[in-house]
Amino acid sequence: MPAETKKSDNVLEQFLSEFETLVSGITEHALKNAEDEDEKAVIQSFAPSLNNQIFELNQFIRESAKKSSKQQERDVLEVLKISSGVSLAKNAKGMFPSIGSLVGKLGIDRIIKEIKKVIYAIIELIGIKLPEWFDKIINLIDEIIAFILSGGSSRMMTTLSIQEQNYLNELTQLAKLEQAHQFKFQEDEDEE
């Protein structure tokens, strides 16, 4: 059993580490790809805060994971295995050379959103009762990443905003589906 816990912690740590490296790489490559000094100045002003936010978010998850049960640890391991969370974060770095293109920016933004889903699943499995401020911080991180990716282009910001709205609509529909499944499951139990 202790080896299983070690493995679970290791996979979670790999995921968090890859996520941190991904976000710092986004700022680094966006800076290299910036076309003018104003754009570079904006990225440089946001990058330290963004990197610190990701570090602190990861610390929050690490500290919460230390309090989890063995079953919760196994569940987190399963989610990370099935979602390919570690490779999702790791492989996203392969898009850095394309960060200057529309497709590259949209791809990176989408991968961040998928990683966010994995983070929420981990938090739910660990049993963290999310503080009221949590979603606001996650949205702040999203907005900073979108601003860095947009390079200050209002057209790109609009495109990323539309992608964010689609993502939120997707989450709303998923929540409705989960609620319907839960209702159906309860109905089936009541019939027995």
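For the structure given in this document, a descriptive report is provided here. Predicted model only: the values in this text are computed from it and were never measured.

## Concerning the overall build of the chain
Part 1 of the argument: From N to C terminus, the chain includes 7 helices and 0 strands.
Part 2 of the argument: When its helices and strands are written in sequence order, the chain yields α-α-α-α-α-α-α.
Part 3 of the argument: Expressed as a percentage of contacts within the chain between residues at least 6 apart in sequence, the contacts between residues at least 24 apart total 78%.
Part 4 of the argument: Looking at the chain as shown, the accessible area adds up to about 11,300 Å², and 54% of this sits on carbon and sulfur atoms.

## Describing the packing of aromatic side chains
For any two aromatic rings, the description comes down to two numbers: the centre-to-centre distance and the angle of the planes.
Part 1 of the argument: Considering all chains together, one arrives at 5 aromatic pairs under this definition.
Part 2 of the argument: When the centroid spacing of 5.8 Å and the interplanar angle of 35° are considered together, the rings of phenylalanine 60 and phenylalanine 134 count as tilted. Here phenylalanine 60, found in helix H2 (residues 37-66), pairs with phenylalanine 134, found in helix H6 (residues 134-150); they are 74 residues apart in sequence, far enough to count as distant.
Part 3 of the argument: For phenylalanine 60, a relative accessible area of 22% corresponds to the partly exposed category.
Part 4 of the argument: For phenylalanine 134, a relative accessible area of 1% translates into the label buried.
Part 5 of the argument: Aromatic pair tyrosine 120 and phenylalanine 134: ring centres 5.8 Å apart, planes at 80°, arrangement edge-to-face. Of the two residues, tyrosine 120 is situated in helix H5 (residues 102-126) and phenylalanine 134 in helix H6; the sequence distance between them amounts to 14 residues.
Part 6 of the argument: In textbook terms, an aromatic cluster arises when at least three aromatic residues are bridged by ring pairs, as seen for Phe60, Tyr120, Trp133 and Phe134.

## So, empty space enclosed by the protein
Part 1 of the argument: This model, assessed by the stated rule, comprises 2 cavities of 30 Å³ or more.
Part 2 of the argument: In this structure, the largest cavity encloses a volume near 70 Å³.
Part 3 of the argument: Looking at the largest cavity, the residues that line it are Phe19, Ile54, Leu57, Ile112, Lys116, Ile119, Ile138, Ile141, Asp142 and Ile145.
Part 4 of the argument: The set of elements that each furnish at least two residues to the lining of the largest cavity consists of H2, H5 and H6.
Part 5 of the argument: Here the lining of the largest cavity gets 4 residues from one element, more than from any other, and that element is H6.
Part 6 of the argument: Of the residues belonging to the lining of the largest cavity, the class tally is 8 nonpolar, no polar and 2 charged.

Rules of the game
- Residues numbered from 1 in each chain as written.
- Predicted model: local features only at pLDDT ≥ 70, side-chain atom pairs only at ≥ 80, totals over all residues.
- Heavy atoms only, no water.
- Helix = DSSP H or I, 4+ residues; strand = E, 2+ residues; numbered from the N terminus.
- Contact = heavy atoms within 4.5 Å.
- Areas by Shrake-Rupley, 256 points an atom, 1.4 Å probe, with all protein chains shown as cover.
- Phe/Tyr/Trp six-rings, centres within 6.5 Å; stacked < 30°, edge-to-face > 60°.
- Buried < 20%, exposed > 50% of the residue type's maximum accessible area, 1.4 Å probe, protein only.
- 1 Å grid on protein atoms, 1.4 Å probe; cavity = no way out; pocket = protein on both sides within 12 Å on 5 of 7 lines; lining within 4 Å.
- Points joined across faces, edges and corners; volume = space filled by probe spheres on them.
- Nonpolar A, V, L, I, M, F, W, Y, C, P; charged D, E, K, R; others polar.

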